Amino acid sequence: ALKERQTSGHLYYDEVLRSQLLEESELEKVFTKALKDGEFHIVLQPKYSLTTRHLVGCEALVRWDHPSKGLLPPSQFIPLLEKHNLLVTLDMFVLEQVCKLVRQWQSKGLPIHPISVNQSRSYLFNTHYDQSLVDMIDRYEVPHHLIEFELTESLFLNDVKHLSLVLASLRSHSFLVSLDDFGSGYSSLTMLKDVAIDVIKLDQGFLKGSDEHQRGMVVVQHIISLANQLGITTVAEGVETREQVQMLQQLGCDVVQGFFFSQPLQVAEYEALLIDDRLPSS
Ligand code: C2E
Ligand code: MG
Ligand code: MG
Ligand code: MG
(Lines give C-alpha, C1' and ligand atoms only; values in the text may rest on other atoms or scores of the structure.)
(Ligands and ions follow the chains in the order given, each with its own letter.)
Protein backbone atom coordinates (compact mmCIF):
# COMPACT_ATOMS: atom_id res chain seq x y z
CA ALA A 1 0.00 0.00 0.00
CA LEU A 2 1.09 3.52 -0.67
CA LYS A 3 2.37 5.26 2.38
CA GLU A 4 0.40 8.27 3.47
CA ARG A 5 2.33 10.94 1.64
CA GLN A 6 2.94 14.45 2.70
CA THR A 7 1.09 16.85 0.52
CA SER A 8 0.96 20.54 0.55
CA GLY A 9 -2.50 21.98 0.64
CA HIS A 10 -2.21 22.43 -3.07
CA LEU A 11 -3.58 19.88 -5.38
CA TYR A 12 -1.59 19.25 -8.47
CA TYR A 13 -2.43 17.47 -11.65
CA ASP A 14 0.06 14.71 -12.12
CA GLU A 15 -0.04 13.14 -15.54
CA VAL A 16 1.98 10.12 -14.46
CA LEU A 17 -0.24 9.28 -11.55
CA ARG A 18 -3.24 9.96 -13.63
CA SER A 19 -2.36 7.43 -16.26
CA GLN A 20 -1.45 4.89 -13.59
CA LEU A 21 -4.62 5.39 -11.69
CA LEU A 22 -7.40 5.21 -14.20
CA GLU A 23 -8.41 5.52 -17.75
CA GLU A 24 -10.30 8.76 -17.73
CA SER A 25 -13.07 7.41 -19.89
CA GLU A 26 -13.70 4.79 -17.23
CA LEU A 27 -13.48 7.23 -14.36
CA GLU A 28 -17.15 7.80 -13.69
CA LYS A 29 -17.95 4.08 -13.74
CA VAL A 30 -14.97 3.20 -11.55
CA PHE A 31 -15.67 6.01 -9.10
CA THR A 32 -19.36 5.19 -8.75
CA LYS A 33 -18.59 1.54 -8.14
CA ALA A 34 -15.82 2.37 -5.65
CA LEU A 35 -18.17 4.60 -3.71
CA LYS A 36 -20.82 1.90 -3.66
CA ASP A 37 -18.29 -0.75 -2.61
CA GLY A 38 -17.19 1.29 0.38
CA GLU A 39 -13.66 2.01 -0.83
CA PHE A 40 -13.76 5.60 0.45
CA HIS A 41 -13.50 6.50 4.09
CA ILE A 42 -12.63 9.51 6.18
CA VAL A 43 -9.86 10.10 8.67
CA LEU A 44 -10.04 12.82 11.29
CA GLN A 45 -7.19 15.14 12.23
CA PRO A 46 -7.51 16.76 15.66
CA LYS A 47 -7.29 20.51 16.21
CA TYR A 48 -6.18 21.89 19.55
CA SER A 49 -6.61 25.27 21.17
CA LEU A 50 -3.31 26.84 22.23
CA THR A 51 -5.26 28.85 24.80
CA THR A 52 -7.21 26.13 26.61
CA ARG A 53 -4.84 23.34 25.52
CA HIS A 54 -7.81 21.12 24.78
CA LEU A 55 -9.25 19.51 21.69
CA VAL A 56 -11.53 21.89 19.80
CA GLY A 57 -12.54 19.73 16.85
CA CYS A 58 -11.17 18.02 13.79
CA GLU A 59 -10.93 18.08 10.03
CA ALA A 60 -12.37 15.23 7.98
CA LEU A 61 -10.03 14.13 5.18
CA VAL A 62 -10.99 11.59 2.56
CA ARG A 63 -9.03 8.45 1.65
CA TRP A 64 -9.51 5.93 -1.14
CA ASP A 65 -8.66 2.38 -0.21
CA HIS A 66 -8.16 1.15 -3.72
CA PRO A 67 -8.27 -2.67 -4.07
CA SER A 68 -5.13 -2.84 -6.24
CA LYS A 69 -3.38 0.52 -5.82
CA GLY A 70 -3.57 0.63 -2.03
CA LEU A 71 -4.44 3.60 0.14
CA LEU A 72 -4.59 6.70 -2.03
CA PRO A 73 -4.23 10.26 -0.69
CA PRO A 74 -6.53 12.98 -2.07
CA SER A 75 -3.83 14.41 -4.34
CA GLN A 76 -4.08 11.26 -6.45
CA PHE A 77 -7.77 11.41 -7.20
CA ILE A 78 -9.31 14.74 -6.23
CA PRO A 79 -8.01 16.78 -9.19
CA LEU A 80 -9.28 14.10 -11.56
CA LEU A 81 -12.69 13.86 -9.92
CA GLU A 82 -12.96 17.61 -9.94
CA LYS A 83 -12.12 17.79 -13.61
CA HIS A 84 -14.96 15.38 -14.33
CA ASN A 85 -17.47 17.04 -12.01
CA LEU A 86 -17.53 14.06 -9.69
CA LEU A 87 -16.04 15.77 -6.67
CA VAL A 88 -19.35 17.16 -5.54
CA THR A 89 -20.60 13.58 -5.10
CA LEU A 90 -17.56 12.68 -3.03
CA ASP A 91 -17.89 15.82 -0.89
CA MET A 92 -21.51 14.94 -0.22
CA PHE A 93 -20.47 11.42 0.76
CA VAL A 94 -17.89 12.85 3.19
CA LEU A 95 -20.50 15.17 4.67
CA GLU A 96 -22.88 12.26 5.14
CA GLN A 97 -20.19 10.22 6.92
CA VAL A 98 -19.57 13.17 9.21
CA CYS A 99 -23.28 13.56 9.96
CA LYS A 100 -23.58 9.86 10.79
CA LEU A 101 -20.62 10.14 13.14
CA VAL A 102 -22.07 13.10 14.97
CA ARG A 103 -25.31 11.14 15.44
CA GLN A 104 -23.38 8.18 16.84
CA TRP A 105 -21.44 10.37 19.23
CA GLN A 106 -24.63 12.04 20.36
CA SER A 107 -26.23 8.69 21.10
CA LYS A 108 -23.12 7.49 22.95
CA GLY A 109 -23.20 10.69 25.00
CA LEU A 110 -19.71 11.71 23.86
CA PRO A 111 -18.69 15.38 23.95
CA ILE A 112 -18.89 16.74 20.42
CA HIS A 113 -16.83 19.48 18.83
CA PRO A 114 -17.18 20.97 15.37
CA ILE A 115 -15.99 18.90 12.41
CA SER A 116 -14.79 20.57 9.28
CA VAL A 117 -15.20 19.28 5.77
CA ASN A 118 -13.44 20.52 2.67
CA GLN A 119 -15.55 21.78 -0.17
CA SER A 120 -14.69 21.92 -3.82
CA ARG A 121 -15.56 24.67 -6.24
CA SER A 122 -18.89 23.06 -7.06
CA TYR A 123 -20.58 26.14 -5.67
CA LEU A 124 -19.55 28.06 -8.70
CA PHE A 125 -21.70 25.93 -10.93
CA ASN A 126 -24.64 24.91 -8.82
CA THR A 127 -26.87 27.56 -7.35
CA HIS A 128 -28.73 25.12 -5.11
CA TYR A 129 -25.63 23.61 -3.64
CA ASP A 130 -25.95 25.25 -0.25
CA GLN A 131 -29.50 23.92 0.02
CA SER A 132 -28.33 20.36 -0.63
CA LEU A 133 -25.80 20.77 2.18
CA VAL A 134 -28.54 21.98 4.51
CA ASP A 135 -30.83 19.11 3.48
CA MET A 136 -28.16 16.51 4.20
CA ILE A 137 -27.30 17.95 7.59
CA ASP A 138 -30.94 18.35 8.60
CA ARG A 139 -31.73 14.80 7.55
CA TYR A 140 -29.38 13.68 10.34
CA GLU A 141 -30.57 16.42 12.70
CA VAL A 142 -27.03 17.62 13.21
CA PRO A 143 -26.85 21.03 14.89
CA HIS A 144 -25.53 23.46 12.30
CA HIS A 145 -22.87 24.99 14.53
CA LEU A 146 -21.07 21.61 14.59
CA ILE A 147 -20.32 21.73 10.88
CA GLU A 148 -17.55 23.86 9.45
CA PHE A 149 -16.96 24.27 5.74
CA GLU A 150 -13.40 24.80 4.54
CA LEU A 151 -13.05 26.55 1.22
CA THR A 152 -9.77 27.19 -0.50
CA GLU A 153 -9.18 30.79 -1.27
CA SER A 154 -7.45 30.13 -4.58
CA LEU A 155 -10.59 28.56 -5.98
CA PHE A 156 -12.13 32.00 -6.01
CA LEU A 157 -9.23 34.06 -7.17
CA ASN A 158 -11.28 35.82 -9.76
CA ASP A 159 -14.56 35.74 -8.02
CA VAL A 160 -14.41 37.13 -4.53
CA LYS A 161 -17.93 38.45 -4.89
CA HIS A 162 -19.28 34.99 -5.58
CA LEU A 163 -17.35 33.54 -2.68
CA SER A 164 -18.75 36.11 -0.31
CA LEU A 165 -22.30 35.25 -1.41
CA VAL A 166 -21.70 31.54 -0.89
CA LEU A 167 -20.16 32.11 2.51
CA ALA A 168 -22.86 34.53 3.58
CA SER A 169 -25.47 31.94 2.70
CA LEU A 170 -23.69 29.20 4.66
CA ARG A 171 -23.24 31.51 7.64
CA SER A 172 -26.91 32.49 7.53
CA HIS A 173 -27.59 28.80 8.25
CA SER A 174 -25.26 29.02 11.28
CA PHE A 175 -22.54 26.86 9.79
CA LEU A 176 -18.95 27.85 10.47
CA VAL A 177 -16.93 28.83 7.44
CA SER A 178 -13.21 28.90 7.06
CA LEU A 179 -10.76 29.93 4.38
CA ASP A 180 -8.28 27.12 3.81
CA ASP A 181 -4.66 27.64 2.75
CA PHE A 182 -5.01 31.30 3.59
CA GLY A 183 -2.18 33.36 2.18
CA SER A 184 -1.39 30.98 -0.66
CA GLY A 185 -3.23 33.13 -3.17
CA TYR A 186 -3.19 36.77 -3.99
CA SER A 187 -6.61 37.80 -2.85
CA SER A 188 -6.19 37.05 0.85
CA LEU A 189 -6.33 40.59 2.09
CA THR A 190 -9.27 41.49 -0.11
CA MET A 191 -11.01 38.48 1.35
CA LEU A 192 -10.51 39.69 4.89
CA LYS A 193 -11.94 43.04 3.94
CA ASP A 194 -14.95 41.85 1.94
CA VAL A 195 -15.90 38.40 3.09
CA ALA A 196 -17.49 37.43 6.41
CA ILE A 197 -15.71 34.34 7.72
CA ASP A 198 -15.23 32.61 11.06
CA VAL A 199 -11.84 31.00 10.61
CA ILE A 200 -8.70 31.30 8.54
CA LYS A 201 -6.33 28.39 8.15
CA LEU A 202 -2.84 29.71 7.56
CA ASP A 203 -1.18 28.16 4.56
CA GLN A 204 1.30 25.44 5.49
CA GLY A 205 3.89 27.20 3.37
CA PHE A 206 4.37 29.86 6.04
CA LEU A 207 5.84 27.29 8.37
CA LYS A 208 8.15 25.73 5.82
CA GLY A 209 11.60 26.71 4.60
CA SER A 210 14.51 28.11 6.56
CA ASP A 211 15.63 31.27 4.76
CA GLU A 212 12.10 32.37 4.22
CA HIS A 213 11.27 31.30 7.73
CA GLN A 214 11.85 34.67 9.36
CA ARG A 215 9.96 36.51 6.64
CA GLY A 216 7.14 33.99 6.79
CA MET A 217 6.87 34.53 10.52
CA VAL A 218 6.60 38.29 10.14
CA VAL A 219 3.76 37.78 7.69
CA VAL A 220 2.05 35.27 9.96
CA GLN A 221 2.38 37.64 12.88
CA HIS A 222 0.50 40.34 11.02
CA ILE A 223 -2.16 38.02 9.66
CA ILE A 224 -2.85 36.75 13.15
CA SER A 225 -3.10 40.21 14.62
CA LEU A 226 -5.38 41.32 11.77
CA ALA A 227 -7.58 38.28 12.27
CA ASN A 228 -7.73 38.90 16.01
CA GLN A 229 -8.92 42.43 15.43
CA LEU A 230 -11.56 41.20 13.00
CA GLY A 231 -12.80 38.52 15.38
CA ILE A 232 -11.62 35.71 13.12
CA THR A 233 -10.16 32.52 14.61
CA THR A 234 -6.72 31.56 13.33
CA VAL A 235 -5.72 27.95 12.73
CA ALA A 236 -2.19 26.93 11.81
CA GLU A 237 -2.05 23.66 9.92
CA GLY A 238 0.95 21.54 9.05
CA VAL A 239 2.53 22.15 12.45
CA GLU A 240 5.39 19.68 12.73
CA THR A 241 7.90 20.95 15.29
CA ARG A 242 8.04 22.20 18.84
CA GLU A 243 9.69 25.41 17.62
CA GLN A 244 6.70 26.11 15.40
CA VAL A 245 4.33 25.55 18.30
CA GLN A 246 6.26 27.96 20.51
CA MET A 247 6.38 30.56 17.77
CA LEU A 248 2.66 30.27 17.02
CA GLN A 249 1.89 30.53 20.69
CA GLN A 250 3.93 33.74 20.98
CA LEU A 251 2.16 35.16 17.95
CA GLY A 252 -1.24 34.50 19.48
CA CYS A 253 -2.44 31.84 17.04
CA ASP A 254 -5.64 30.30 18.40
CA VAL A 255 -5.68 26.74 17.10
CA VAL A 256 -3.11 24.24 15.83
CA GLN A 257 -3.32 21.15 13.67
CA GLY A 258 -0.44 19.02 12.42
CA PHE A 259 1.73 15.95 12.66
CA PHE A 260 3.42 17.33 15.79
CA PHE A 261 0.14 16.71 17.64
CA SER A 262 -1.43 13.99 15.57
CA GLN A 263 -1.68 12.44 12.14
CA PRO A 264 -5.16 12.19 10.68
CA LEU A 265 -6.76 9.38 12.73
CA GLN A 266 -9.14 6.53 12.16
CA VAL A 267 -12.56 7.26 13.64
CA ALA A 268 -12.11 4.96 16.65
CA GLU A 269 -8.77 6.57 17.52
CA TYR A 270 -10.33 10.01 17.35
CA GLU A 271 -13.21 8.91 19.57
CA ALA A 272 -10.69 8.10 22.29
CA LEU A 273 -9.56 11.73 22.15
CA LEU A 274 -13.11 12.96 22.77
CA ILE A 275 -12.70 11.49 26.24
CA ASP A 276 -9.03 12.32 26.86
CA ASP A 277 -9.02 15.66 25.11
CA ARG A 278 -5.90 17.37 26.42
CA LEU A 279 -3.24 18.66 24.07
CA PRO A 280 -0.43 16.09 23.91
CA SER A 281 2.42 17.67 25.87
CA SER A 282 5.19 15.59 24.21
P1 C2E B 1 -6.16 20.64 3.32
O2 C2E B 1 -7.62 20.83 3.45
O3 C2E B 1 -5.31 21.86 3.42
O4 C2E B 1 -5.77 19.56 4.42
C5 C2E B 1 -4.55 19.53 5.11
C6 C2E B 1 -3.59 18.53 4.50
O7 C2E B 1 -2.34 18.60 5.18
C8 C2E B 1 -4.03 17.06 4.65
O9 C2E B 1 -3.54 16.35 3.53
C10 C2E B 1 -3.29 16.62 5.90
O11 C2E B 1 -3.12 15.22 6.00
C12 C2E B 1 -1.99 17.33 5.70
N13 C2E B 1 -1.28 17.57 6.96
C14 C2E B 1 -1.78 17.63 8.21
N15 C2E B 1 -0.82 17.89 9.12
C16 C2E B 1 0.33 18.00 8.42
C17 C2E B 1 1.71 18.27 8.80
O18 C2E B 1 2.04 18.47 9.96
N19 C2E B 1 2.61 18.33 7.79
C20 C2E B 1 2.28 18.13 6.48
N21 C2E B 1 3.23 18.20 5.56
N22 C2E B 1 1.00 17.88 6.09
C23 C2E B 1 0.04 17.81 7.06
P24 C2E B 1 -4.44 15.33 2.72
O25 C2E B 1 -5.31 14.56 3.66
O26 C2E B 1 -3.54 14.57 1.81
O27 C2E B 1 -5.38 16.27 1.88
C28 C2E B 1 -4.84 17.13 0.91
C29 C2E B 1 -5.88 18.09 0.39
O30 C2E B 1 -6.92 17.38 -0.29
C31 C2E B 1 -6.60 18.85 1.51
O32 C2E B 1 -5.81 19.93 1.92
C33 C2E B 1 -7.87 19.27 0.78
O34 C2E B 1 -7.64 20.42 0.00
C35 C2E B 1 -8.12 18.09 -0.12
N36 C2E B 1 -9.14 17.22 0.48
C37 C2E B 1 -9.02 16.25 1.43
N38 C2E B 1 -10.20 15.67 1.70
C39 C2E B 1 -11.12 16.30 0.91
C40 C2E B 1 -12.55 16.16 0.71
O41 C2E B 1 -13.25 15.35 1.35
N42 C2E B 1 -13.13 16.99 -0.22
C43 C2E B 1 -12.39 17.92 -0.93
N44 C2E B 1 -13.05 18.69 -1.82
N45 C2E B 1 -11.08 18.07 -0.76
C46 C2E B 1 -10.44 17.28 0.14
MG1 MG C 1 -6.49 22.81 0.83
MG1 MG D 1 -8.81 21.76 4.72
MG1 MG E 1 -5.13 23.65 4.06
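- Under the annotation held in an unreviewed UniProt entry, the protein chain carries the name Diguanylate cyclase/phosphodiesterase and is attributed to Sphaerochaeta globosa.

### A few points about the overall build of the protein chain
- On a plain count of helices and strands, the protein chain comes out with ten helices and nine strands.
- Out of the 282 residues in the protein chain, the part that is buried amounts to 51%.
- For the protein chain, contacts bridging at least 24 residues in sequence account for 68% of all contacts bridging at least 6.
- In the structure as shown, the protein chain presents an accessible area of about 13,600 Å², 52% of it carried by carbon and sulfur atoms.

### Section: the coordination of the magnesium ion (ligand 3)
- Protein-derived coordination of the magnesium ion (ligand 3) comes from E59 (OE), N118 (OD1), E150 (OE) and D180 (OD), at a distance range of 2.0 to 2.2 Å.
- Here the donor residues of the magnesium ion (ligand 3) are spaced in sequence according to E-x58-N-x31-E-x29-D.
- In this structure the magnesium ion (ligand 2) is found 4.7 Å away from the magnesium ion (ligand 3). With E150 in strand β5 (residues 147-152) and D180 in strand β6 (residues 176-182), the pair connects residues that are 30 residues apart, well separated along the chain. The pair E150 / D180 is uniform in exposure class, with both members buried.

### As for the site of ligand 1
- Inspection of the region around ligand 1 gives 29 residues, with D91, D180, Q204, E240 and F259 positioned closest.
- Within the contact set of ligand 1, a nitrogen atom lies 3.3 Å away from a backbone nitrogen or oxygen of V62.
- One of the side-chain N or O atoms of N118 is found 2.8 Å from an oxygen atom in ligand 1.
- For ligand 1, whose accessible area on its own is 800 Å², the fraction buried by protein is 97%.
- Breaking the shell around ligand 1 down by element, the ones donating at least two residues are β2 (55-66), α4 (87-108), β4 (115-119) and β6.

### Let's talk about the packing of aromatic side chains
- Counted according to the given criterion, the structure contains eight aromatic pairs.
- With 4.7 Å between their ring centres and 35° between their planes, F40 and W64 make a pair best called tilted. One end of the pair, F40, is in strand β1 (residues 40-49); the other, W64, is in strand β2, and 24 residues separate them in sequence.
- The exposure class assigned to W64 is buried, which follows from its relative accessible area of 1%.
- Ring pairs connect the aromatic residues F31, F40, W64 and F77, which therefore count as one cluster.

### Things to note about the nonpolar core
- Formed by 82 residues in total, the largest nonpolar core has its most connected members in F40, L90, L95 and F149.
- No other element matches the eleven residues that α4 contributes to this core.
- Ignoring sequence-local partners within four residues, the contact set of F40 consists of F31, A34, L35, V62, R63, W64, F77, L90 and F93.

### Considering the pairing of strand β8 (residues 233-237)
- The buried fraction of β8 amounts to four of the five residues, a majority that puts the element mostly inside the structure.
- Inspection of the sheet shows strand β7 (residues 199-202) paired to β8 by four bridges, in the parallel sense. Each bridged residue has a counterpart across the sheet, and for I200 the counterpart in β8 is T234.
- Bridge count for β8 against strand β9 (residues 255-257) is three bridges, and the pairing is parallel. Bridge pairing links V235 to V255 in β9.
- Since β8 and β9 lie parallel, the crossover through helix α9 (residues 242-251) that links them has a hand, and here it is right-handed.

### With respect to the packing of α4 against helix α10 (residues 267-275)
- Two elements in contact, α4 and α10, have axes whose closest approach is 13 Å; the angle formed by their N-to-C orientations is 45°. The angle between α4 and α10 places the two elements in the oblique class. Helix-helix and strand crossings are classified by hand; for α4 and α10 the assignment is right-handed. Two secondary-structure elements touch here, α4 through L101, Q104, W105 and K108 and α10 through V267, Y270, E271 and L274.
- For the contact of α4 with α10, a count of residues per class yields five nonpolar, one polar and two charged.

### Brief notes about the coordination of the magnesium ion (ligand 4)
- Coordination of the magnesium ion (ligand 4) by the protein involves D180 (OD), D181 (OD) and E237 (OE), with metal-donor separations of 1.8 to 2.2 Å.
- A distance of 3.6 Å spans the gap from the magnesium ion (ligand 4) to the magnesium ion (ligand 2), which D181 bridges by coordinating each metal. One end of the pair, D181, is in strand β6; the other, E237, is in strand β8, with 56 residues separating them in the sequence. The two residues D181 and E237 agree in class, both being buried.

### Comments concerning the environment of D130
- Topologically, D130 is positioned in helix α5 (residues 129-139).
- A sequence separation of 99 residues divides D130 from F31, and the C-alpha atoms of the two residues are 24 Å apart.
- Residues in contact with D130, not counting those within four places in the same chain, are S169 and L170.

Rules of the game
Per chain, the residues get numbers from 1 upward, laid out in the order the sequence is written. Each chain gets a letter, beginning with A, and each ligand a number, beginning with 1, in the order they are written. In keeping with the predicted nature of the model, local features appear solely for residues at pLDDT of at least 70, side-chain atom pairs appear and are counted solely at 80 or more, and the whole-chain, interface and lining totals rest on all residues. Hydrogens are left out, water is left out, and the side-chain values use all remaining heavy atoms of the structure. Helix and strand definitions here come from DSSP, where helices need a minimum of 4 consecutive H or I residues and strands a minimum of 2 consecutive E residues; each element is numbered from the N-terminal end. Only protein chains enter the calculation, and the probe is 1.4 Å; a residue is then buried if its accessible area is under 20% of its type maximum, exposed if over 50%, and partly exposed in between. Two residues qualify as a contact provided that any one of their heavy atoms is within 4.5 Å of a heavy atom in the partner residue. All accessible areas in this document rest on Shrake-Rupley with a 1.4 Å probe, and a residue is counted as covered only by the protein chains that are shown. Donor atoms (N, O, S) are those found within 2.8 Å of the metal centre, with the cutoff raised to 3.2 Å for Na, K and Ca; water is not part of the atom list, so apparent gaps in a site can occur. For this description, a residue counts as near a given molecule or strand if any of its non-hydrogen atoms is within 4 Å of it. In the analysis that follows, any N or O atom pair within 3.5 Å is treated as a polar contact, provided that within protein one partner can donate a hydrogen and the other can accept it, and provided that, for residues neighboring in sequence, both atoms belong to side chains. Only rings of Phe, Tyr and Trp enter the pairing, Trp through its six-membered ring, and a pair is recorded when the two centres are within 6.5 Å. The plane angle decides the type: under 30 degrees is stacked, over 60 is edge-to-face, the rest tilted. Only buried residues count toward a nonpolar core. Its members are Ala, Val, Leu, Ile, Met, Phe, Trp, Tyr and Cys residues joined through side-chain atoms within 4.5 Å. Any two strands with at least two DSSP-identified bridges between them are counted as paired. When the strands point away from the viewer, a crossover counts as right-handed if the route from the first strand across the helix to the second turns clockwise. In this analysis, axes come from line fits to C-alpha atoms, helices being fitted only over the stretch in contact, and the angle between any two N-to-C directions falls in the range 0 to 180 degrees. Convention used here: angles under 35 degrees read as roughly parallel, angles over 145 as roughly antiparallel, angles from 65 to 115 as roughly perpendicular, and any remaining angle as oblique. With the far helix as reference, a near helix turned anticlockwise by less than a right angle produces a left-handed crossing, and one turned clockwise produces a right-handed crossing. When residues are sorted by character, Ala, Val, Leu, Ile, Met, Phe, Trp, Tyr, Cys and Pro go into the nonpolar class, Asp, Glu, Lys and Arg into the charged class, and all the rest, Gly among them, into the polar class.

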